[in-house]
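Tertiary structure, described
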Amino acid sequence: MKEMKFETKVIHVGGEPDPTTGAIMPPIYQTSTYVQSSPGEHKGYEYTRSHNPTRTRLEECLASIENANHCLVTASGLSASTLIMHMLPKGSKIFCGDDVYGGTYRLFSKVFPDIHHYQFVDTTNLKKLEEKVMAEKPALIWIETPTNPLLKISDISAIAAMAKKVGALTVVDNTFMSPFFQNPLDHGADIVLHSMTKFINGHSDVVGGAMMMNSKDLRDKLFFYQNAIGPAASPFDSWLVLRGIKTLAIRMKAHEQNAMKVAAFLEKHPKVEIVVYPGLKSHPQYELGKKQMKGSGGMITFFIKGGLAESRRFLENVKLFALAESLGGVESLVDHPAIMTHASIPKNVREELGIFDNLVRLSVGIEDCDDLIADLEKGFAKV
Ligand SMILES: *Cc1c(COP(=O)(O)O)cnc(C)c1O
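Attention here is on the structure that accompanies the text. Each chain has its residues counted from 1, following the order in which its sequence is written. Predicted model: local features are reported for residues with pLDDT of at least 70 only, side-chain atom pairs are reported and counted for 80 or more only, and whole-chain, interface and lining totals are derived from all residues. Values shown for side chains rest on all heavy atoms present in the structure; no hydrogens or waters enter the calculation.

1. Re the nonpolar core
- Nonpolar core, defined: a set of buried Ala, Val, Leu, Ile, Met, Phe, Trp, Tyr and Cys residues in which side-chain atoms within 4.5 Å join the residues together. Residue exposure (1.4 Å probe, protein chains only): buried if accessible area is under 20% of the type maximum, exposed if over 50%, otherwise partly exposed. If you look at the biggest cluster of nonpolar residues, it comprises 43 residues, and the most contacted ones within it are Leu62, Val73, Met196, Met212, Ile245 and Leu248.
- Boundaries of every domain are those given by an automatic assignment or by a domain database. Taken domain by domain, this core gets at least three of its residues from each of domain 1 (6–245) and domain 2 (249–381).
- Counting 27 residues, the second largest nonpolar core, distinct from the first, contains Met87, Leu88, Trp142 and Ile345.

2. Topic: the packing of aromatic side chains
- Working definition: rings of Phe, Tyr and Trp (its six-membered ring) pair if their centres are within 6.5 Å, and the pair is stacked with planes under 30 degrees apart, edge-to-face with planes over 60 apart, and tilted otherwise. Counted by the stated rule, this structure contains twelve aromatic pairs.
- Seen in terms of ring centroids, Tyr34 and Tyr45 are 5.5 Å apart; in terms of plane orientation they differ by 35°. Their pairing is tilted. A residue pair is termed long-range when its members are at least 10 positions apart, and Tyr34 in the loop between helix H1 (6–12) and helix H2 (53–65) and Tyr45 in the loop between H1 and H2 qualify at eleven residues.
- Centre to centre, the rings of Phe314 and Phe380 are 4.7 Å apart; their planes meet at 40°, and the pair counts as tilted. With Phe314 in helix H12 (residues 308–317) and Phe380 in helix H14 (residues 369–381), the pair connects residues that are 66 residues apart, well separated along the chain.
- Here Phe380 falls in the buried class, since its relative accessible area comes to 1%.
- The rings of Phe265, Phe302, Phe314 and Phe380 are connected pair by pair, giving a single aromatic cluster.
- Definition used: whenever NZ (Lys) or CZ (Arg) falls within 6 Å of the ring centre and also within 35 degrees of the ring normal, the charge is taken to sit over that ring. Lying across the ring of Tyr101, Lys198 places its NZ or CZ 5.0 Å from the centre. Helix numbering and strand numbering both begin at the N terminus, where a helix is a DSSP run of H or I of at least 4 residues and a strand a DSSP run of E of at least 2.

3. Let's talk about the packing of helix H3 (residues 77–87) against helix H4 (residues 102–111)
- For helices, the axis comes from a line fit to the C-alpha atoms of the stretch in contact; other axes are also lines fit to C-alpha atoms, and the angle between any two N-to-C directions lies between 0 and 180 degrees. Viewed as axis vectors pointing N to C, H3 and H4 meet at an angle of 30°, and their least axial separation amounts to 10 Å. Seen along the crossing, H3 lies across H4 with a hand that is right-handed. Residues Leu78, Ser81, Thr82 and Met85 of H3 pack against Gly103, Thr104, Arg106, Leu107 and Phe108 of H4.
- In the scheme used here, Gly and all other residues not listed as nonpolar or charged are polar, with Ala, Val, Leu, Ile, Met, Phe, Trp, Tyr, Cys and Pro taken as nonpolar and Asp, Glu, Lys and Arg as charged. Partitioned by chemical class, the residues of the contact of H3 with H4 number four nonpolar, four polar and one charged. By definition, any crossing whose near helix is turned counterclockwise from its far helix by less than a right angle is left-handed, and any crossing with a clockwise turn is right-handed. Contacts: residue pairs with any heavy atoms within 4.5 Å of one another.

4. Describing the site of the ligand
- Whether a residue is near a molecule or strand is decided by its heavy atoms; if any one of them lies within 4 Å of it, the residue is near. Surrounding the ligand, one finds 14 residues, the nearest of these being Leu78, Asp173, Ser195, Thr197 and Lys198.
- N or O atoms within 3.5 Å of each other form a polar contact, as long as, within protein, one can give a hydrogen and the other can take it, and as long as residues adjacent in sequence are counted only when both atoms are side-chain atoms. Between an oxygen atom of the ligand and a main-chain N or O atom of Gly77, the distance comes to 2.9 Å.
- At 2.9 Å, a backbone N or O of Leu78 approaches an oxygen atom of the ligand.
- Per-residue accessibility takes into account occlusion by the displayed protein chains alone, with areas from the Shrake-Rupley method and a 1.4 Å probe. Surface burial for the ligand is 93%, taken as the share of its 380 Å² of free accessible area covered by protein chains.
- A breakdown of the residues in the shell around the ligand according to their chemical character gives four nonpolar, seven polar and three charged.

5. Examining the side chain of Ser296
- On the secondary structure map, Ser296 appears in the loop between helix H11 (286–292) and strand S9 (299–304).
- Given the relative accessible area of 9%, Ser296 is considered buried.
- Apart from the residues lying within four places of it in its own chain, the contact partners of Ser296 are Met177, Glu256, Met260, Tyr277, Pro278 and Gly279.

6. Quick look at the sheet that holds strand S12 (residues 359–363)
- Whether two strands pair depends on DSSP finding at least two bridges between them. Spatially, the five strands line up as an open sheet ordered S8-S9-S12-S11-S10, and their pairing is mixed. Edge positions in the open sheet fall to strand S8 (272–276) and strand S10 (322–323), since each of these has one partner strand only.
- Of the strand pairs in this sheet, S8 and S9 are connected by four bridges, and their pairing is antiparallel. Looking across to S9, one finds that Ile274 is bridged to Phe303.
- Running over the sheet, helix H10 (residues 248–268) touches S8, S9 and S12 and is turned about 10° from S9.

Listed below in C-alpha coordinates is the structure:
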(Lines give C-alpha, C1' and ligand atoms only; values in the text may rest on other atoms or scores of the structure.)
Protein backbone atom coordinates (compact mmCIF):
# COMPACT_ATOMS: atom_id res chain seq x y z
CA MET A 1 0.00 0.00 0.00
CA LYS A 2 3.01 2.26 0.55
CA GLU A 3 3.25 3.13 -3.15
CA MET A 4 -0.09 4.99 -3.06
CA LYS A 5 -0.12 8.72 -2.37
CA PHE A 6 -1.58 10.14 0.83
CA GLU A 7 -4.75 11.46 -0.84
CA THR A 8 -5.48 7.98 -2.22
CA LYS A 9 -4.61 6.08 0.95
CA VAL A 10 -7.06 8.02 3.16
CA ILE A 11 -9.88 7.01 0.83
CA HIS A 12 -8.90 3.49 -0.18
CA VAL A 13 -6.80 1.83 2.55
CA GLY A 14 -9.30 0.17 4.89
CA GLY A 15 -12.02 1.46 2.59
CA GLU A 16 -12.50 -1.61 0.41
CA PRO A 17 -16.15 -2.39 -0.44
CA ASP A 18 -17.89 -4.86 1.86
CA PRO A 19 -17.13 -8.32 0.39
CA THR A 20 -20.48 -9.85 1.37
CA THR A 21 -22.82 -7.21 -0.07
CA GLY A 22 -20.72 -4.91 -2.24
CA ALA A 23 -21.67 -1.92 -0.08
CA ILE A 24 -19.15 0.76 -1.06
CA MET A 25 -19.04 2.10 2.50
CA PRO A 26 -17.69 -0.22 5.19
CA PRO A 27 -20.37 -1.43 7.60
CA ILE A 28 -20.31 -0.53 11.28
CA TYR A 29 -19.79 -3.87 12.98
CA GLN A 30 -21.83 -2.85 16.00
CA THR A 31 -21.32 -6.10 17.87
CA SER A 32 -19.70 -7.06 21.16
CA THR A 33 -19.08 -10.72 20.33
CA TYR A 34 -18.68 -13.19 17.44
CA VAL A 35 -20.07 -16.67 16.87
CA GLN A 36 -17.55 -19.53 16.88
CA SER A 37 -18.13 -22.70 14.86
CA SER A 38 -16.35 -24.86 17.43
CA PRO A 39 -14.61 -23.74 20.66
CA GLY A 40 -11.67 -21.56 19.64
CA GLU A 41 -12.56 -21.68 15.94
CA HIS A 42 -13.43 -18.23 14.67
CA LYS A 43 -12.67 -15.78 11.89
CA GLY A 44 -10.11 -13.78 13.89
CA TYR A 45 -12.68 -11.94 15.99
CA GLU A 46 -13.74 -13.05 19.47
CA TYR A 47 -14.76 -9.97 21.45
CA THR A 48 -14.87 -6.28 20.50
CA ARG A 49 -12.62 -5.04 23.32
CA SER A 50 -9.89 -7.08 21.62
CA HIS A 51 -10.78 -6.77 17.93
CA ASN A 52 -13.51 -5.29 15.77
CA PRO A 53 -13.56 -5.26 11.94
CA THR A 54 -14.51 -1.56 11.72
CA ARG A 55 -11.63 -0.66 14.04
CA THR A 56 -9.28 -2.93 12.05
CA ARG A 57 -10.08 -0.98 8.88
CA LEU A 58 -9.27 2.30 10.61
CA GLU A 59 -6.01 0.89 11.99
CA GLU A 60 -4.97 -0.18 8.49
CA CYS A 61 -5.68 3.27 7.10
CA LEU A 62 -3.88 5.10 9.91
CA ALA A 63 -0.83 2.84 9.75
CA SER A 64 -0.54 3.51 6.02
CA ILE A 65 -0.65 7.30 6.32
CA GLU A 66 1.99 7.38 9.09
CA ASN A 67 4.21 5.05 6.99
CA ALA A 68 3.93 2.54 9.86
CA ASN A 69 3.68 -1.23 9.97
CA HIS A 70 1.15 -1.20 12.81
CA CYS A 71 -1.50 0.94 14.46
CA LEU A 72 -3.66 0.62 17.56
CA VAL A 73 -6.77 2.76 17.86
CA THR A 74 -7.79 3.71 21.40
CA ALA A 75 -10.75 5.34 23.13
CA SER A 76 -8.93 8.68 23.54
CA GLY A 77 -5.51 10.25 23.02
CA LEU A 78 -4.85 10.09 26.75
CA SER A 79 -5.71 6.40 26.94
CA ALA A 80 -3.05 5.76 24.30
CA SER A 81 -0.55 7.67 26.48
CA THR A 82 -1.71 5.62 29.49
CA LEU A 83 -1.03 2.33 27.68
CA ILE A 84 2.52 3.43 26.83
CA MET A 85 3.12 4.17 30.52
CA HIS A 86 1.76 0.77 31.59
CA MET A 87 4.03 -0.94 29.09
CA LEU A 88 7.20 0.40 30.80
CA PRO A 89 8.72 -1.51 33.73
CA LYS A 90 7.90 -0.01 37.14
CA GLY A 91 10.30 2.76 38.17
CA SER A 92 11.22 3.81 34.62
CA LYS A 93 12.84 7.19 34.11
CA ILE A 94 10.94 9.34 31.63
CA PHE A 95 11.96 12.65 30.10
CA CYS A 96 8.98 14.62 28.86
CA GLY A 97 9.02 17.90 26.96
CA ASP A 98 8.22 20.80 29.30
CA ASP A 99 5.54 22.36 27.08
CA VAL A 100 3.06 19.57 26.42
CA TYR A 101 -0.72 19.24 26.23
CA GLY A 102 -2.19 20.02 29.69
CA GLY A 103 -3.77 16.57 29.98
CA THR A 104 -0.43 14.88 29.27
CA TYR A 105 1.15 17.00 31.99
CA ARG A 106 -1.65 16.06 34.42
CA LEU A 107 -1.35 12.34 33.56
CA PHE A 108 2.43 12.34 34.10
CA SER A 109 2.50 14.61 37.16
CA LYS A 110 -0.62 13.40 39.02
CA VAL A 111 -1.44 9.83 37.98
CA PHE A 112 1.81 8.02 37.23
CA PRO A 113 4.47 9.45 39.61
CA ASP A 114 3.87 6.53 42.02
CA ILE A 115 4.94 4.16 39.25
CA HIS A 116 7.54 6.03 37.17
CA HIS A 117 9.96 8.95 37.57
CA TYR A 118 9.22 11.96 35.39
CA GLN A 119 11.33 14.98 34.52
CA PHE A 120 9.98 17.79 32.39
CA VAL A 121 12.79 19.01 30.19
CA ASP A 122 13.32 21.54 27.42
CA THR A 123 13.50 19.32 24.34
CA THR A 124 14.32 22.28 22.09
CA ASN A 125 17.77 22.71 23.67
CA LEU A 126 19.59 19.78 22.06
CA LYS A 127 22.97 20.30 23.68
CA LYS A 128 21.61 20.37 27.24
CA LEU A 129 19.23 17.53 26.49
CA GLU A 130 21.99 15.30 25.12
CA GLU A 131 24.18 15.86 28.20
CA LYS A 132 21.25 14.96 30.43
CA VAL A 133 20.25 11.92 28.37
CA MET A 134 23.82 10.57 28.40
CA ALA A 135 24.22 11.16 32.12
CA GLU A 136 20.83 9.89 33.29
CA LYS A 137 19.89 7.32 30.65
CA PRO A 138 16.09 7.59 30.59
CA ALA A 139 13.92 4.69 29.38
CA LEU A 140 11.74 6.95 27.26
CA ILE A 141 11.78 10.45 25.80
CA TRP A 142 8.37 11.99 25.14
CA ILE A 143 8.15 14.91 22.79
CA GLU A 144 5.31 16.92 21.39
CA THR A 145 6.23 18.93 18.31
CA PRO A 146 5.03 21.54 17.65
CA THR A 147 3.94 21.98 21.25
CA ASN A 148 0.57 22.98 22.57
CA PRO A 149 0.14 25.95 22.94
CA LEU A 150 3.51 27.61 22.28
CA LEU A 151 4.27 25.81 19.00
CA LYS A 152 7.88 25.11 19.93
CA ILE A 153 9.53 22.65 17.58
CA SER A 154 11.81 19.81 18.69
CA ASP A 155 14.26 18.08 16.35
CA ILE A 156 12.79 14.57 16.07
CA SER A 157 15.73 12.88 14.30
CA ALA A 158 18.35 14.38 16.64
CA ILE A 159 16.37 13.35 19.73
CA ALA A 160 15.61 9.86 18.39
CA ALA A 161 19.34 9.41 17.66
CA MET A 162 20.39 10.39 21.19
CA ALA A 163 17.65 8.17 22.65
CA LYS A 164 18.93 5.18 20.65
CA LYS A 165 22.43 5.69 22.09
CA VAL A 166 21.10 4.94 25.60
CA GLY A 167 18.45 2.42 24.55
CA ALA A 168 15.54 4.79 25.21
CA LEU A 169 12.29 4.83 23.27
CA THR A 170 11.20 8.02 21.52
CA VAL A 171 7.50 8.85 21.50
CA VAL A 172 6.21 11.77 19.44
CA ASP A 173 2.78 13.30 20.00
CA ASN A 174 1.97 14.30 16.42
CA THR A 175 -1.56 15.59 17.06
CA PHE A 176 -0.89 19.16 15.88
CA MET A 177 0.59 18.31 12.48
CA SER A 178 -1.47 15.18 11.71
CA PRO A 179 0.09 12.50 9.49
CA PHE A 180 -0.38 14.82 6.51
CA PHE A 181 2.28 17.32 7.57
CA GLN A 182 4.67 15.22 9.69
CA ASN A 183 5.67 11.56 9.91
CA PRO A 184 7.85 11.07 13.02
CA LEU A 185 8.60 7.37 12.37
CA ASP A 186 10.43 8.44 9.20
CA HIS A 187 12.68 10.56 11.46
CA GLY A 188 13.54 7.65 13.78
CA ALA A 189 10.80 7.82 16.43
CA ASP A 190 9.59 4.51 17.86
CA ILE A 191 5.96 5.40 18.51
CA VAL A 192 3.83 8.21 17.12
CA LEU A 193 0.73 9.17 19.05
CA HIS A 194 -2.35 11.09 17.97
CA SER A 195 -5.44 12.44 19.59
CA MET A 196 -7.79 11.43 16.73
CA THR A 197 -10.25 13.80 18.36
CA LYS A 198 -8.45 16.64 16.58
CA PHE A 199 -7.37 16.85 12.92
CA ILE A 200 -7.56 13.13 12.08
CA ASN A 201 -11.31 12.95 12.62
CA GLY A 202 -11.70 16.66 11.99
CA HIS A 203 -15.42 17.01 12.68
CA SER A 204 -15.48 17.49 16.47
CA ASP A 205 -17.81 14.53 16.98
CA VAL A 206 -15.47 11.80 18.26
CA VAL A 207 -12.96 11.43 21.10
CA GLY A 208 -10.30 8.90 20.15
CA GLY A 209 -6.61 8.14 20.04
CA ALA A 210 -4.11 6.23 17.91
CA MET A 211 -0.56 4.93 18.15
CA MET A 212 1.52 3.87 15.17
CA MET A 213 4.79 1.95 15.26
CA ASN A 214 7.01 -0.22 13.06
CA SER A 215 8.11 -2.72 15.69
CA LYS A 216 5.85 -5.77 15.99
CA ASP A 217 7.20 -6.33 19.48
CA LEU A 218 6.11 -2.85 20.61
CA ARG A 219 2.74 -3.32 18.93
CA ASP A 220 2.17 -6.66 20.66
CA LYS A 221 3.12 -5.29 24.08
CA LEU A 222 0.84 -2.29 23.67
CA PHE A 223 -1.95 -4.49 22.34
CA PHE A 224 -1.64 -6.68 25.43
CA TYR A 225 -2.20 -3.64 27.67
CA GLN A 226 -5.00 -2.31 25.48
CA ASN A 227 -6.85 -5.61 25.72
CA ALA A 228 -6.07 -6.10 29.41
CA ILE A 229 -7.03 -2.56 30.46
CA GLY A 230 -9.81 -1.95 27.96
CA PRO A 231 -9.65 1.49 26.31
CA ALA A 232 -10.51 0.37 22.77
CA ALA A 233 -12.42 2.71 20.45
CA SER A 234 -16.03 1.75 19.77
CA PRO A 235 -17.13 0.48 16.33
CA PHE A 236 -19.25 3.57 15.73
CA ASP A 237 -16.48 6.02 16.68
CA SER A 238 -14.05 4.06 14.49
CA TRP A 239 -16.49 4.34 11.61
CA LEU A 240 -16.94 8.07 12.11
CA VAL A 241 -13.17 8.54 11.98
CA LEU A 242 -12.99 6.40 8.82
CA ARG A 243 -15.54 8.81 7.36
CA GLY A 244 -13.76 11.95 8.56
CA ILE A 245 -10.29 10.84 7.51
CA LYS A 246 -11.21 10.65 3.82
CA THR A 247 -10.88 14.44 3.62
CA LEU A 248 -7.79 14.74 5.85
CA ALA A 249 -5.53 15.83 3.00
CA ILE A 250 -7.82 18.52 1.61
CA ARG A 251 -8.75 19.69 5.09
CA MET A 252 -5.12 20.06 6.16
CA LYS A 253 -4.33 22.07 3.01
CA ALA A 254 -7.30 24.34 3.70
CA HIS A 255 -6.41 24.74 7.40
CA GLU A 256 -2.90 25.74 6.43
CA GLN A 257 -3.94 28.16 3.71
CA ASN A 258 -6.29 29.96 6.10
CA ALA A 259 -3.81 29.88 8.97
CA MET A 260 -1.08 31.49 6.82
CA LYS A 261 -3.42 34.38 5.97
CA VAL A 262 -4.67 34.76 9.54
CA ALA A 263 -1.10 34.69 10.91
CA ALA A 264 -0.02 37.39 8.45
CA PHE A 265 -3.05 39.49 9.43
CA LEU A 266 -2.28 39.11 13.15
CA GLU A 267 1.40 39.91 12.67
CA LYS A 268 0.46 43.33 11.27
CA HIS A 269 -2.28 44.06 13.81
CA PRO A 270 -1.57 46.97 16.21
CA LYS A 271 -3.30 45.18 19.12
CA VAL A 272 -1.13 42.08 18.83
CA GLU A 273 2.21 41.80 20.58
CA ILE A 274 3.62 38.54 19.15
CA VAL A 275 2.34 35.88 16.75
CA VAL A 276 3.69 32.34 16.89
CA TYR A 277 3.05 30.23 13.79
CA PRO A 278 5.50 27.72 12.27
CA GLY A 279 4.80 29.07 8.77
CA LEU A 280 6.00 32.60 9.64
CA LYS A 281 9.65 33.47 9.03
CA SER A 282 9.56 35.09 12.48
CA HIS A 283 9.07 31.68 14.14
CA PRO A 284 12.30 31.03 16.08
CA GLN A 285 12.56 27.51 14.64
CA TYR A 286 11.26 28.22 11.14
CA GLU A 287 14.17 26.36 9.49
CA LEU A 288 13.87 23.24 11.69
CA GLY A 289 10.14 23.21 10.97
CA LYS A 290 10.80 23.26 7.25
CA LYS A 291 13.25 20.40 7.62
CA GLN A 292 10.94 17.95 9.39
CA MET A 293 7.41 19.15 8.56
CA LYS A 294 5.72 19.25 5.16
CA GLY A 295 3.60 22.23 6.15
CA SER A 296 2.83 24.47 9.09
CA GLY A 297 -0.64 23.35 10.15
CA GLY A 298 -3.71 25.17 11.39
CA MET A 299 -2.76 26.24 14.92
CA ILE A 300 -1.74 29.81 15.77
CA THR A 301 -0.81 31.27 19.13
CA PHE A 302 -0.65 35.00 19.76
CA PHE A 303 -0.14 37.41 22.61
CA ILE A 304 -2.65 40.22 22.71
CA LYS A 305 -1.42 43.61 23.98
CA GLY A 306 -2.57 43.84 27.60
CA GLY A 307 -3.60 41.17 30.10
CA LEU A 308 -6.54 39.07 31.16
CA ALA A 309 -9.11 41.89 30.72
CA GLU A 310 -8.07 42.50 27.11
CA SER A 311 -8.02 38.76 26.31
CA ARG A 312 -11.48 38.36 27.82
CA ARG A 313 -12.94 41.19 25.75
CA PHE A 314 -11.46 39.73 22.59
CA LEU A 315 -12.67 36.21 23.39
CA GLU A 316 -16.20 37.34 24.24
CA ASN A 317 -16.58 39.29 21.00
CA VAL A 318 -15.46 36.86 18.34
CA LYS A 319 -18.36 34.77 17.05
CA LEU A 320 -17.22 32.52 14.20
CA PHE A 321 -14.24 31.53 16.34
CA ALA A 322 -16.14 29.56 18.98
CA LEU A 323 -14.69 29.80 22.48
CA ALA A 324 -14.08 26.13 23.24
CA GLU A 325 -11.42 23.61 24.17
CA SER A 326 -10.15 21.15 21.58
CA LEU A 327 -8.90 21.88 18.07
CA GLY A 328 -8.55 20.49 14.59
CA GLY A 329 -12.19 20.54 13.50
CA VAL A 330 -13.47 22.13 10.29
CA GLU A 331 -14.89 24.98 12.38
CA SER A 332 -12.60 27.63 13.87
CA LEU A 333 -12.09 27.62 17.63
CA VAL A 334 -10.43 30.00 20.04
CA ASP A 335 -8.98 29.01 23.41
CA HIS A 336 -7.56 30.78 26.44
CA PRO A 337 -4.94 28.22 27.57
CA ALA A 338 -4.27 29.74 31.02
CA ILE A 339 -7.92 29.39 32.06
CA MET A 340 -9.08 26.55 29.81
CA THR A 341 -6.88 23.82 28.32
CA HIS A 342 -3.78 24.38 30.46
CA ALA A 343 -5.41 25.21 33.81
CA SER A 344 -4.09 21.92 35.24
CA ILE A 345 -0.54 23.31 34.98
CA PRO A 346 0.33 25.38 38.10
CA LYS A 347 0.43 29.15 37.40
CA ASN A 348 4.14 29.52 38.21
CA VAL A 349 5.06 26.64 35.88
CA ARG A 350 2.78 28.05 33.17
CA GLU A 351 4.39 31.45 33.35
CA GLU A 352 7.90 30.01 33.37
CA LEU A 353 6.94 28.37 30.07
CA GLY A 354 5.44 31.57 28.68
CA ILE A 355 1.72 30.73 28.99
CA PHE A 356 0.57 34.14 30.21
CA ASP A 357 -2.95 35.56 30.58
CA ASN A 358 -2.63 37.46 27.28
CA LEU A 359 -1.98 34.30 25.29
CA VAL A 360 -4.73 33.26 22.87
CA ARG A 361 -4.72 30.04 20.83
CA LEU A 362 -6.56 29.72 17.53
CA SER A 363 -7.54 26.55 15.74
CA VAL A 364 -8.12 27.95 12.28
CA GLY A 365 -10.95 26.13 10.50
CA ILE A 366 -11.70 25.80 6.83
CA GLU A 367 -14.35 28.53 6.53
CA ASP A 368 -13.88 31.45 4.12
CA CYS A 369 -10.79 33.28 5.31
CA ASP A 370 -12.17 36.80 4.78
CA ASP A 371 -15.06 35.93 7.11
CA LEU A 372 -12.59 34.65 9.69
CA ILE A 373 -10.45 37.78 9.53
CA ALA A 374 -13.55 40.02 9.76
CA ASP A 375 -14.57 38.07 12.88
CA LEU A 376 -11.16 38.56 14.51
CA GLU A 377 -11.37 42.26 13.65
CA LYS A 378 -14.69 42.44 15.53
CA GLY A 379 -12.99 40.94 18.58
CA PHE A 380 -10.08 43.40 18.40
CA ALA A 381 -12.49 46.35 17.99
CA LYS A 382 -13.75 45.72 21.57
CA VAL A 383 -10.27 45.54 23.09
C1 LIG B 1 -6.16 16.65 22.82
C2 LIG B 1 -4.74 16.26 22.90
C3 LIG B 1 -4.33 15.10 23.56
C4 LIG B 1 -5.30 14.21 24.32
O5 LIG B 1 -6.21 13.57 23.51
P6 LIG B 1 -7.71 13.20 23.94
O7 LIG B 1 -8.27 12.58 22.72
O8 LIG B 1 -8.39 14.45 24.37
O9 LIG B 1 -7.59 12.23 25.09
C10 LIG B 1 -2.99 14.77 23.54
N11 LIG B 1 -2.09 15.56 22.92
C12 LIG B 1 -2.44 16.69 22.28
C13 LIG B 1 -1.39 17.51 21.61
C14 LIG B 1 -3.77 17.08 22.25
O15 LIG B 1 -4.10 18.22 21.62
